[in-house]
Amino acid sequence: MPVLFEILEVGKSYDRPTLAHLWGINGFQALGRGVFTPKNTKFIVLFVTREKQQCLTQYNDFLKDDLLFWEGENRHGNDNRIAEASQDGYEIHLFYREKHHSDFTYYGRLILTHCKRYPEKPSEFVFKVVSLSSSVYEDKYSGISEVNKIAENQDADETAYKIAMTEVGLNSIDKEVITKSRGLGQRLFRGSLFKLWQGECAVTGTQNPDVLRASHIKPWKCSELNEKLDPFNGLLLVPNFDTLLDTGLISFEDSGQIIISKKLKEKDCNRLNVHRELHLRRVSEQSLPYLNFHRSNRFRP
């Protein structure tokens, strides 16, 4: 029996023995790896566990809304296969579970939207889960020829952060979605910022995700495509600091020290708990050009 996904139900749970039986595979051990590529097919199957056994490599994999954040293997064995899946005609399908020793939930097809390749540590991939965003998928797929025209006029980003898109197939849809829709880009950006700042406000250390904002240092409208998604162009901030940064009433030195505009009166500083002893908890070298842009172009002295 060939490996088919039409016989599976999105949202339903499956264990590996059941899948091996449904697909006619002798021994479910063949499905034991995180990346499974059935022979003589154009499928790649990801088995993703967020909370892994302690004896296993603790890759940082998680599902947030309709985006899957996934780290490749230490030895990069499947990096090229995953990054080039669309242009090679492969479909990627997801089975996901929150904790080890539980059944996997089938989430359907994935579309790769973003990847960052590292030589010395696991590469980072972000996928859009089609089953969780079917309206976007259907709307875009109905206009695939127009989407391809748009994609053909846009150069692929060749920086360290590259959009893993091709000019054909479903990834053309995502290229347009990312460049034209701020919603998907912001979700990608927010997820990357949570990882970079370990879920804490860059200034106060607040950890409640419900109040944290993903703030661009160099604004979205001023940024190139790779800058829009670059987490080093961002700060995870509580709402008052997010608004102050966006309006140019505060900025930060390369050292991380806060700069407060004279237009922000002392009485309001006290009310907003803004004072000159505040500073960013750390500053990455990659963030320095963005901080310089903000001080030069956004800050109101």
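Since this is a predicted model, take the numbers as computed values, not measurements. (Residues numbered from 1 in each chain as written. Predicted model: local features only at pLDDT ≥ 70, side-chain atom pairs only at ≥ 80, totals over all residues. Heavy atoms only, no water.)

Caption draft 1: The arrangement of the overall build of the chain in detail. Counting secondary structure elements, the chain contains ten helices and 13 strands. With 301 residues in all, the chain has 49% of them scored as buried. Considering only contacts in the chain between residues 6 or more positions apart, those separated by 24 or more positions represent 61%. Just so you have it, the chain exposes about 15,500 Å², and 46% of that area is on carbon and sulfur atoms. (Helix = DSSP H or I, 4+ residues; strand = E, 2+ residues; numbered from the N terminus. Buried < 20%, exposed > 50% of the residue type's maximum accessible area, 1.4 Å probe, protein only. Contact = heavy atoms within 4.5 Å. Areas by Shrake-Rupley, 256 points an atom, 1.4 Å probe, with all protein chains shown as cover.)

Caption draft 2: Quick look at the confidence of the model for the chain. For the chain, per-residue confidence averages 81 on the pLDDT scale, and residues scoring 70 or more make up 82% of the total. Across residues 134–177, where pLDDT falls below 50, the model places 83 contacts with residues more than four positions away in sequence or in other chains. (pLDDT = per-residue confidence, 0-100.)

Caption draft 3: Here's a closer look at the pattern of salt bridges. Scanning all chains against the criterion turns up twelve salt bridges. Of the charged contacts in the structure, one is a salt bridge between Arg 109 and Glu 91, with a shortest N-O distance of 3.7 Å. Taken together, the positions of Arg 109 in strand β7 (residues 104–116) and Glu 91 in strand β6 (residues 91–99) put the pair 18 residues apart, joining distant regions of the chain. Given the relative accessible area of 25%, Arg 109 is considered partly exposed. Residue Lys 218 is joined to Glu 227 by a salt bridge in which the shortest nitrogen-to-oxygen separation is 3.1 Å. Accessibility expressed as a relative area gives 13% for Lys 218, which makes it buried. Under the relative-accessibility criterion, Glu 227 is labelled buried at 15%. Through salt bridges with shared partners, one network takes in Glu 71, Glu 124 and Lys 195. (Salt bridge = Lys/Arg side-chain N within 4 Å of Asp/Glu carboxyl O.)

Caption draft 4: Up close: the nonpolar core. Counting 30 residues, the largest nonpolar core has Leu 235, Phe 241 and Phe 252 as the members making the most contacts within it. Of all elements in the fold, only α6 (182–196), β11 (234–237), α8 (239–246), β12 (250–252), β13 (258–260) and α10 (288–297) reach the threshold of two or more residues within this core. In this structure Leu 235 touches Leu 193, Trp 197, Ala 202, Arg 213, Ala 214, Ser 215, Ile 217, Leu 245, Phe 252 and Leu 280, once residues within four positions along its chain are discounted. (Core = buried A, V, L, I, M, F, W, Y, C linked by side-chain atoms within 4.5 Å.)

Caption draft 5: Region of the structure containing the side chain of Thr 41. One can find Thr 41 in the loop between β2 (35–36) and β3 (43–51). Classification of Thr 41 as buried rests on a relative accessible area of 18%. At 2.8 Å, the side chain of Thr 41 forms a polar contact with the backbone oxygen of Pro 38. (Polar contact = N/O pair within 3.5 Å; in protein donor to acceptor, adjacent residues only side chain to side chain.)

Caption draft 6: Representation of the environment of Ser 131. With respect to the helices and strands, Ser 131 occurs in the loop between β8 (124–129) and α3 (134–142). Residue classification places Ser 131 among the partly exposed positions, given a relative accessible area of 29%. Ignoring any residue separated from it by four or fewer positions in sequence, one finds Ser 131 in contact with Val 10, Tyr 107 and Arg 109.

Caption draft 7: Examining the pairing of β6 more closely. Bridge count between β3 and β6: eight bridges; the pairing is parallel. Along β6, the bridge assignment pairs Leu 46 with Leu 94. Judged from the five bridges that link them, β6 and β7 form a sheet pairing that is antiparallel. Following the sheet pairing, Ile 92 is matched in β7 by Leu 110. Counted between consecutive antiparallel strands, the loop separating β6 from β7 contains four residues, among which His 101 sits at a positive phi close to 60 degrees. (Pairing = 2+ DSSP bridges.)

Caption draft 8: α8, seen in detail. For α8, every residue scored as buried is listed here: Phe 241, Asp 242, Leu 244 and Leu 245. Angular distribution of buried residues about the axis of α8 spans 170 degrees; they occupy a single face of the element. On its buried side, α8 packs onto β10 (213–216), β11, β12, β13, α9 (266–272) and α10. One or two positions beyond α8, positive phi appears at Gly 248, with a value near 80 degrees. (Arc of directions from axis to C-beta.)

Caption draft 9: Region of interest: the packing of aromatic side chains. Using the criterion set out here, one finds 13 aromatic pairs in the structure. Where Phe 47 meets Phe 95, the ring centres are 5.2 Å apart and the plane angle is 20 degrees; that geometry is what we call stacked. Of this pair, Phe 47 sits in strand β3 while Phe 95 sits in strand β6; the two residues are 48 residues apart in sequence, bridging distant segments of the chain. According to the relative accessible area criterion, Phe 47 is buried, its value standing at 5%. Above the plane of the ring of Tyr 118 lies Lys 121, whose end atom (NZ or CZ) is 4.4 Å from the centre. When the ring centre of Trp 197 is taken as origin, the NZ or CZ atom of Arg 282, which lies over that ring, is 4.4 Å away. (Phe/Tyr/Trp six-rings, centres within 6.5 Å; stacked < 30°, edge-to-face > 60°. Lys NZ or Arg CZ within 6 Å of the ring centre and 35° of its normal.)

Caption draft 10: Molecular detail of unusual backbone geometry. We note that Gln 198 has phi near 55 degrees; this positive angle belongs to a residue other than glycine. Within the fold, Gln 198 resides in the loop between α6 and β10. Judged by its relative accessible area of 62%, Gln 198 falls in the exposed class. Despite not being glycine, Asn 273 shows a phi value in the positive range, around 60 degrees. Relative to the helices and strands, Asn 273 resides in the loop between α9 and α10.

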